[in-house]
Amino acid sequence: MKVVILAGGRGTRLSEETGMVPKPMIEIGGKPILWHIMKIYSHYGYNEFIICLGYKGYMIKEYFSHYFSHMSDITIDLVNNKTIIHNTLSEPWKITLVNTGFDTFTGGRLKRIQSYIKNESFMMTYGDGVGNVNIKELVKNHKKSKKYVTLTAVKASERFGILDIKKDKSNILNSFNEKPEITDNWINAGFFVLEPEIFGYIKGDYTWWEKEPLESLAKNSQVVAYKHSGFWKPMDTLRDKNELEQLWQSNKALWKLWE
């Protein structure tokens, strides 16, 4: 199952950092947060990624273009124009980097990678949030639900839109409201599992995935929540970035599932 990561936004609330690099390339513990997200999925055996590029996307392309050599011990023979790879610590990743437009909205970015998905189930998340989500259980719950969308829901007290989830064991969404005035409820944490039917709900580049598509899918009882009670944190502000860095440096990075 492929993993799609939305990595094209400008990250305006992190302008202190994103003036130089795209938001997914902001480093935590010396590695881009995008790398941390990919390591979460890779821990569960998912190693094929489609990364949706936009703002300063060339920097993400350059990072992965040189990733193998950066993670390997090499001998460079300048006289004979040879490079010898001795060993490598690079991950077994297959990465497709897709230019999805500079100003394209989240739904539009998904629509643009439809040809790479074809008719398969796939996963999707945002390029700025980490958590110790059990991806194996997430996928298992999705398959069991037989719905078009499974999203990971977490508790939060501010800044986020709420999810109206049925109180029975089905966890089906009654409605999706991205930015309501009330808070302190279940919120969308990304880490989706999706069926290809969702592409029919996306009109074009200027469609927010979190608005009309998800709202319509929820009205049609095609969205189910996977409730995650563990760690999750987005990197929306410089304060968030510093908190994640502090967790990493103090060996309290609960999203670090890998050795």
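Residues numbered from 1 in each chain as written. Predicted model: local features only at pLDDT ≥ 70, side-chain atom pairs only at ≥ 80, totals over all residues. Heavy atoms only, no water.

*Asks:* Residue-level account of the overall build of the chain, with values.
*Replies:* Per the secondary structure count, the chain includes 9 helices and 16 strands. Here the C-alpha radius of gyration of the chain, 19 Å, is about what a compact globule of 259 residues would show, namely 18 Å. Dimensions of the chain, computed from C-alpha atoms along their principal axes, come out at roughly 70 × 40 × 35 Å. In the chain, of all internal contacts separated by at least 6 residues, the share reaching a separation of at least 24 is 75%. Of the roughly 13,200 Å² that the chain leaves accessible, carbon and sulfur atoms contribute 48%. Side chains of the chain give 35 positive and 29 negative charges; the mean places of these two sets differ by 5 Å. (Helix = DSSP H or I, 4+ residues; strand = E, 2+ residues; numbered from the N terminus. Rg over C-alpha atoms; globule rule 2.2 N^0.38 Å. Contact = heavy atoms within 4.5 Å. Areas by Shrake-Rupley, 256 points an atom, 1.4 Å probe, with all protein chains shown as cover. Lys, Arg positive; Asp, Glu negative; His and termini not counted. Charge placed at Lys NZ, Arg CZ, Asp CG, Glu CD.)

*Asks:* Can you explain the pairing of strand β4 (residues 48-53)? Please cite residues and give values.
*Replies:* Across the 6 residues that make up β4, a large majority, 5, are buried. Where strand β1 (residues 2-7) and β4 come together, 5 bridges link them in parallel fashion. From the neighbouring strand, A7 faces β4, where its bridge partner is L53. Pairing of β4 with strand β7 (residues 94-99), which is carried by 6 bridges, proceeds in the parallel orientation. Paired with I50 across the strands is T96, a residue of β7. (Buried < 20%, exposed > 50% of the residue type's maximum accessible area, 1.4 Å probe, protein only. Pairing = 2+ DSSP bridges.)

*Asks:* If you had to explain the environment of T88 to someone new, which residues and values would you point to?
*Replies:* Relative to the elements of secondary structure, T88 occurs in strand β6 (residues 82-88). Considering only alpha carbons, one finds T88 and G45, 43 residues apart in sequence, at a separation of 19 Å. Other than its neighbours up to four places away in sequence, T88 contacts F68, M71 and S72.

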